[in-house]
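# An overview of the molecular structure
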Amino acid sequence: MVKPAEKGRPARPALTIDWYPQELPQGAEARGAALRTADGAAVSGTLYALGKPRSVACLMHPREYFGFHYLVPSLLEAGVAVWTQGARSIGNDLRLEHEQAVLDAASGIDFLRTRGFEKIVLIGNSGGSGLYSYYVQQAGLPPGERLARGPTGKPTGFDAASMPAVDGMVYLAPHPGQGRLLLGCIDPSVADEGDALSVIPELDPFDRENGYRPEPGASRYPAEFVARYRQAQRDRVARLDDVARNLISGRQAARKQIKEGGGGRAERLRAVHTPIMTVWRTDADLRCLDLSLDPSDRAPGSVWSPDMLASNYGAVGFGRLCSPESWLSTWSGISSAAALDATAPSVKVPALVVEYTGDQTTFPAVIGEIFERIGSASKEHIRVRGDHHGRPLAPDEEPGRAIAGRAIADWLKRRSFA
């Protein structure tokens, strides 16, 4: 049962950074660490331990802070240490490049190896799944065979980074990568990228003629509209890819001109200026409006709001403001290299997929595809009632995050990680 609200406590658990209703076990210690990445950036992490465990579980997200992740108490009680790490891009979609985040992750995993842990298990929660799978893919290659340049054309620096191998991988409420996620929820009915209110009527997900109904969960979209919509989503992302590449190439051309001794003030300004892309209307996944599409236990609406008309046209959403480099590296469902369909086959270590059945970001068919693509010969898939953050779907239910914590602890023990 869910514990009643205590004074100063929410009746429902918060998102990923709340231990309530579970607390750290008595005797647990937490020590912070400041790290330097292979490309010279500063990142930090916290190492939690109870006693002297021989294994450590890692939690990290490219854009969220996982320092107080809800799994920490149950993992400690299972007998493993817990490493929660921040990326250099926490809370900053503007400059979120996954190639840099991989280097951030590498610094933490290398630190843990030097601390003497015998086994390292990565727990990719939500967007952390795409980041950690990308790391595993690159760490499994000889340095000279790793990806030399990312989608932006910049050198990745992977060849010069220490990327220790890991021993296990857990996917908790995974989505297929930030870019693939955005590909599913971007609104393709934007007629003019410079006009947030412009609409192509025949692609408008909020038009009654296309199947929309304002009542939560009542929308029903014909298969023909769904197919056109999904192709149009891909077409819009491709157009934004072109915009991003043109912005980058313009800056690179100005830099080349200056390097060769030419150009004036205009070229110098263009060479140092980093334009910002504004990507309007990125909360319009048809599956969140029409619950008959890939049905599950999810409630109507998205992770951003039950009123998706408001959230789609409002300020929130994935990838709303980003540099051209961030768009191509992270938010493009076409160009980003951090997509599970590309990286999961490289995950050969024992793997566990934990699916929340009320998830509003990832749906049963997508979870099935993710599980199928994982390259491990030893993989398991469990389903737990809960929303994307493991909160209960009904007032009288135990939070899914608590059930997931026990399931992950059991898997760690069965796999001799704890």
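Residues numbered from 1 in each chain as written. Predicted model: local features only at pLDDT ≥ 70, side-chain atom pairs only at ≥ 80, totals over all residues. Heavy atoms only, no water.

## Topic: the pairing of strand β4 (residues 81–85)
So the rule is basically this: The buried label applies to any residue whose accessible area, calculated with a 1.4 Å probe on protein chains only, is under 20% of its type's maximum; exposed applies above 50%, and partly exposed to all values in between. The helix and strand labels rest on DSSP assignments: H or I over at least four residues marks a helix, E over at least two residues marks a strand, and numbering proceeds from the N terminus. Paired strands, as defined in this entry, are two strands with at least two bridges between them according to DSSP.
Counting buried positions along β4 yields 5 of 5 residues, so the element is predominantly enclosed. Because side chains alternate across β4, one face comprises the buried residues A81, W83 and Q85, and the other comprises V82 and T84, equally buried. Sheet topology places strand β3 (residues 55–60) next to β4; 5 bridges connect them, and they run parallel. Paired with C58 across the two strands is W83, which belongs to β4.

## Remarks on the sheet that holds strand β6 (residues 168–172)
As a reminder of what qualifies: Orientation is described by axes fitted as lines to C-alpha atoms, over the contacting stretch for helices, and by angles from 0 to 180 degrees between their N-to-C directions.
Reading across the sheet, the 8 strands line up as β1-β2-β4-β3-β5-β6-β9-β10 and stay open at both edges, with mixed pairing between neighbours. Looking at which strands have only one partner, the edges of the open sheet turn out to be β1 (29–36) and β10 (379–384). Shown here is a sheet whose adjacent strand axes are inclined to one another by a mean of 20°, direction ignored. In this sheet, strand β5 (residues 119–125) lies alongside β3 in parallel orientation, the contact comprising 5 bridges.

## Describing the nonpolar core
We count it as follows: Throughout this description, the term nonpolar core refers to a set of buried Ala, Val, Leu, Ile, Met, Phe, Trp, Tyr and Cys residues connected via side-chain atoms within 4.5 Å. Here, residues are in contact when the closest pair of their heavy atoms is within 4.5 Å.
The biggest cluster of nonpolar side chains holds 44 residues, and the ones touching the most others in it are W83, L112, L122, Y135 and M163. Per-element accounting of this core gives the leading share, 8 residues, to helix α2 (residues 98–114). In contact with L122, other than residues within four places in its own chain, are C58, I109, Y132, Y135, V136, V166, G168, M169 and V170. Membership of the second largest hydrophobic core comes to 25 residues, among which are V80, L172, A173 and I408.

## Details of the side chain of E99
As a reminder, the rule being used: For the charge count, each Lys or Arg is scored as positive and each Asp or Glu as negative, with His and the chain ends excluded. In what follows, salt bridge is the name for a side-chain nitrogen of Lys or Arg lying within 4 Å of a carboxyl oxygen of Asp or Glu. Nitrogen and oxygen atoms within 3.5 Å of one another constitute a polar contact, given that in protein one can donate a hydrogen and the other can accept it, and given that sequence-neighbouring residues count only through two side-chain atoms.
Residue position: E99 is located in helix α2. Among buried Asp, Glu, Lys and Arg side chains, E99 stands out as unpaired, with K154 the closest opposite charge at 7.7 Å. Among the polar contacts listed, one links the side chain of E99 to the side chain of Y134, at a separation of 2.7 Å. In terms of polar contacts, E99 uses its side chain to reach the side chain of S329, at 2.5 Å.

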